[in-house]
Structure formats: structure tokens, C-alpha cells
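Breakdown of the fold
One-letter residues, chain by chain:
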Amino acid sequence: MKSLYGVKSLINMQPQMGAPKAIALALTGLVLAGCNGQENTRLTDAPESLLGETLKGELTTQSPINLTSGSRYGAHWLCGSQGVGRYTLEAAFGSTISVLSEEGKLIDRTHADADSIGQQVVLGSQGKACQLLVITGDEGAFGPYTLKGEKLSPTDSTTLPLNGQLMAPLADKSQTYQLKVERPMELDIAIADGSGRASVMLEGNGTELHAQPCGSHSQQLSGYVMPGDYTLSIEPKQKPQHVPEGNPSQCSGNLVGEGPFIALTSHATRLPDGMRNGGPIQDGDHITGTLAAGQPNTYLIQIEQPTRIEVVATSSEFDTLLQLSGQGVQQQDDDGAGGTNSKLSSFLVKPGRYELTIGAYDDNTAAGRYTLDAQFSAIDTDFRNEGDVDLGSNVMGMRETFGTNQYTLHLEQTSEVNINLTSDNFDTILKLSGNGQDQVNDDVDGGTNSRIQTLLPAGDYTLNIDSYEGTGPYQLSVEGHPFDGQLRPNGAEARSGDSFYGEVQASQALTYTVVITQAGQYQIDAVSTAFDTMLTLQGANTDLEDDDGGNDTNARINATLQPGRYQLKVTGYEAGAGMVKITIDG
């Protein structure tokens, strides 16, 4: 055999990290028989085979030497037979496999370790030119090798098998193939792209996976898929846009020759129930995953209607951190489930895709096993950021950085109302104005939700949704009923069991005479969301007062009272004024 690696004809075949680099050739100008029986200039004298035929050789002490590495190599010309051939390497030694054009241009190259099984080589031919396949052993490598060949026939099917292969000519327009998944799977698709310019994507069932480039002509598409129907799309003349972090050669690429073809080899592994580090997450899922140091795992949530979600992350090996993002939502939790475990509860109101990420809190070195438990419940409610509401309305909306969230409440008659604004994503502020009223509430029951509970005369009112800090989805509920109780004037009488409203004027006391007919334990409450209430009770050797003994800023007096007449005064802290509900129990 004439040497391909003479002093003036040198190719550095050592494995390189990253994309293959161009190789300069100083050719000796050998004149040999060409592929079509005519004389052609070839790089080297080597056995010639038809595309798809099995190739055999052996690296011995008589094999030509790569002068750069000192390793032995074997070469094979592949000619004629238009189509696509796939070869599987069988060798007991590590090697670099390269394919060159007839003119000596390096098309692609890959390295196979000694313990790797089934390294793939996919070559295409249009029947006009030959290609040179070179096997270069690692340092000190000797022994036989086989490149088991097969001819791939174009498929007429529009279905991609879960475990199998598919080869098709590349068209000038999009090509789609259907994939049906019966059980949770980890899916890997090796893609041989002869054009080097096609992008491949799998989508369906809330999942969107993009193939990642592994070299100039090979890609890998990997991910977790749940039961359902999927579509694999091939877009010609669009290089993959999703490039993995770090060196792209780290994903498993095969050697691929040039040509207008694409070959897919799919492999699906059934997952143990609930075990995976990514993919879709759905209602009722109990997932076990493993966190690698400094590498958070991301799951996908797809909703079609407003949904309340709750996800709990637990681990005995690291301090969990959950983060939720998408559709204007940014939320995270560290220790919401107690200890070092996390819990995210949220209303997702916008249909679309969300990402749930689990990582370790403030520790890039933490790693270990964890579990995720998910509960989703669809919410049959009205979603809008403005408009009319009335008693009984239950509205969901999205508070964003800009814009106004404003609703109009119309009351036909005087009504006792209870308006609640809740959110798991931000600290709410609820404002009510109109018809002589101006009320604001921030934090009810010691949390970050808001409530206005009051008596409103008939008329129109404006409800404004505001945020002390943060954005995200919220729920607004308006409850109430026409008022059939008493609005007692200043100076009226009250007894045990009464519940009534009064109106406090700024810097003035609202006074009632409380008549106690039987000794016992009594509780008097003054509740208002319009102002901070204060109570005093005097009479029958009693002199009591309270500011915030009830919930939030409401006043409460608990006392043992003897029969008699008492004077009850209701005032507003710092000249507060508005409607107040007074209840006497005992």
C-alpha cells in the first residue's frame, strides 16, 4: 500500500476536543485507478468497497504509520452505490475514525474508546465520488477490526419507532414524524445529518426537546417523555440553535459523512416508576431524582387553564431550593415544607409552559437524592384584570410590574361585604374607594393577604389591586349579603348576643350603653378594616381598655362582668374613622 502519511503527505489523526478542524495535505500526486475505472489522483492505495459492505482489517506491525503519533492505521475506499450506509465498529482497541473526500478534505472525525461498543459511522453517496475511511489505532494498538456495514433504505413511514432507525432524504421543506409513547421513558435519538444544517425538535404532551450538536454532522436529542403523542420535526437549512454548555463534543456523536440525508437511531429506556431528573411533571406525580453538585434539575409544567399547584421537595442529603418561572411568574421557596425541605404553592393563571427547578440552597457542592410530590387542581373561575364584580364574584388575575388591576363593584342596596385578596406570589394591597368610602388593607391575619370587611351603602365602588412587593397571580373574592341588621346610632343601648354596625367619626368616640343582666364571662369585639379600632368599657367597678387584642388591628375585651350598666366607647387610633362591627358574646 502506498503510504497516506509520507513525509510530504501528513494528516494528524489524533483525537481533538470540540468540532473537527480542517487538515492541510501535501499530496505526492499518486496516479491510481479511479472509482469509475478511469485514472484519478488519489491520496493513497487502499482496498475499495461498495457503500454498505462490511469492512475488515487488522492493525499489525506491517500497517502504515501515522508519523505524528506513531500509531498504525488502516484505510478503505468507499465508492459507488448511491444511498446511505451505516457501519458499526467492532474492535478491541481505542481508535480514531476519520472520513475524507476524494480530494482530501476532512469531512468528519470521532474517537472510539477501547471499551466502547457499537460506535456508529454513517456515510452517504451520490454515486459520483469515493470517500476514504481511515481507522487510526491509539498508541500501541494492534489487532483486527470490523466495520459491520448495512445499506439504509429511505423510509416511507411517517412514524418514528421508539427503538429503531429511520433514514430519509433531506427535503427543502419541513419533515415531520409521529412518535407514540405508552409509558414514561428516557429517550435518546442519535441524529446523523449529512447536510450539517438541519435542526431537529420533538414536541408534544407539554414537552419541547431540541437536538444538541455533537459535531459538524451529528446531533443528540435526549430527554424524559411521558405517555402521549409527539411530533418530531426536521427543519432543513437551519443549524441547531440550542448549543449545550461546555464542549459540544461531550455529547455522544457518531461519525457522519456529507450528503442530502438524515438518519435517526432512537433508543428508549423504560423508567422505574417515578424516577427521573427532568421532563414533564403532572398532577399526582411522586418523583425521585438525583442532584449532581452544582447542576440543578429542571422539570416542565404545562397548563391549559387556571390551575393551583403545590410541589413539595424533600431530601435528607441537602437543603432543597425550589424555583418556579414562566408566563410572568417568578417564585421560589427554601424551607416552606419544614426543616430544610421546600414547598411551592401557586396559582398559575396563564395557559402555557412553566419551569420548575430544584437545586441546593446556597451550596454549589451539595448533591444527593430527593423526592418531588406534585398536586395540581384546575380552577373553574373567571380570569381577568379588570371589569365589573358583584356579590359572589370570584376572579383571578395577574399583577404585573406595569398596568392597572381595577374592578368596579355595584351594590343595589346597603350590604355587609367581605372582600378578600390572596396571592402566593406577592404581598397584596387592597384598596376600596367611592361613595364616600376610602379604605385600604395590607396584611390580614398576620400574613401578606388583604381583606376589607365592612358595611357599604348602595352605590358604585372601585377596587384596586396593588402590591407592596412582587408580582404574579392573585385571587379576588367578593362575598356579602344585603344588610338586614342594625346600624345603631351613637348613644344606643346594646345587650349580650347583639351584633351591629356603627360609624365612627374622625377624632370622635362612638358610645353605647351595654346592659348586663347576668354575671359571667363576656367578649366584646370591634372589627373594622377601615381603621385601627380601640375599646374602653367602664361601669360597675370596671375600667378596661384594649387596642389590638383581637385579630390584626381590631380591639377585643374579655372580662368577667357583674349585672349592671356599662359605657362602651369605640374610637379610632390616630383619628381613624369608618364603619365598625360590634359583637357582644357571653
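Preceding this paragraph is the structure being described.
Reference entry: report on the structure contained in this document. (Residues numbered from 1 in each chain as written. Predicted model: local features only at pLDDT ≥ 70, side-chain atom pairs only at ≥ 80, totals over all residues. Heavy atoms only, no water.)

Looking now at the overall build of the protein chain. Scanning the protein chain for helices and strands turns up zero helices and 49 strands. The buried share of the protein chain, reckoned over its 586 residues, is 48%. Long-range contacts, defined here as pairs at least 24 residues apart, represent 71% of the contacts in the protein chain between residues at least 6 apart. As displayed, the protein chain has an accessible area near 27,100 Å², and 44% of this comes from carbon and sulfur atoms. (Helix = DSSP H or I, 4+ residues; strand = E, 2+ residues; numbered from the N terminus. Buried < 20%, exposed > 50% of the residue type's maximum accessible area, 1.4 Å probe, protein only. Contact = heavy atoms within 4.5 Å. Areas by Shrake-Rupley, 256 points an atom, 1.4 Å probe, with all protein chains shown as cover.)

Next up on the list: the sheet that holds strand 22 (residues 279-280). Spatial strand order, 22-24-29-26-27: five strands in an open sheet with mixed pairing. Each edge of the sheet is formed by a strand with only one pairing partner; in this case those strands are strand 22 and strand 27 (329-333). With two bridges joining them, strand 22 and strand 24 (residues 297-303) adopt parallel strand pairing. The residue of strand 24 that forms the bridge with Pro280 is Leu300. (Pairing = 2+ DSSP bridges.)

Core analysis: the biggest nonpolar cluster contains 29 residues, and Ile281, Ile301, Leu322, Leu324, Leu348, Leu356 and Leu372 have the highest contact counts within it. Elements represented by at least two residues in this core include exactly strand 23 (286-291), strand 24, strand 25 (307-314), strand 26 (320-326), strand 28 (342-348), strand 29 (352-360), strand 30 (368-378) and strand 33 (394-399). With residues up to four places along the chain from it excluded, the contact list for Leu348 reads Ile301, Ile303, Gln305, Pro306, Thr307, Ile309, Leu324, Val329 and Tyr354. Core analysis: the next-biggest nonpolar cluster, separate from the first, contains 26 residues, Leu166, Ala168, Tyr177 and Ala211 among them. (Core = buried A, V, L, I, M, F, W, Y, C linked by side-chain atoms within 4.5 Å.)

Attention now goes to the pattern of salt bridges. One pass over the structure, following the stated rule, counts 12 salt bridges. Two residues, Glu416 and Lys581, come together in a salt bridge whose shortest N-O distance is 2.8 Å. With Glu416 in strand 35 (residues 415-422) and Lys581 in strand 49 (residues 578-585), the pair connects residues that are 165 residues apart, well separated along the chain. Overall, the relative accessible area of 23% leaves Lys581 in the partly exposed class. Across the pair Glu493 and Arg495 runs a salt bridge whose closest N-O atoms are separated by 3.4 Å. Sharing partners across several salt bridges, the network here consists of Arg399, Lys431 and Asp466. (Salt bridge = Lys/Arg side-chain N within 4 Å of Asp/Glu carboxyl O.)

The subject of this paragraph is the pairing of strand 37 (residues 437-441). Of the two faces of strand 37, the one lined by Gln437, Gln439 and Asn441 is fully buried and the one lined by Asp438 and Val440 carries no buried residue. Across five bridges, the pairing between strand 36 (residues 427-434) and strand 37 is antiparallel. Within strand 37, the residue paired with Gly434 across the bridge is Gln437. Where strand 36 folds back onto strand 37 in an antiparallel hairpin, the turn is made up of two residues, including Asn435, whose phi is positive at roughly 55°.

With that out of the way, let us pick up the packing of aromatic side chains. Inspection of every chain in the model, using the stated rule, returns four aromatic pairs. The interplanar angle of 85° and the centroid separation of 6.4 Å between the aromatic rings of Phe426 and Tyr474 together place this pair among those described as edge-to-face. Of the two residues, Phe426 is situated in the loop between strand 35 and strand 36 and Tyr474 in strand 40 (residues 472-482); the sequence distance between them amounts to 48 residues. Tyr474 gets classed as buried once you look at its relative accessible area, which sits at 0%. Taking NZ or CZ as reference, Arg488 lies 4.2 Å from the ring centre of Phe500, over its face. (Phe/Tyr/Trp six-rings, centres within 6.5 Å; stacked < 30°, edge-to-face > 60°. Lys NZ or Arg CZ within 6 Å of the ring centre and 35° of its normal.)

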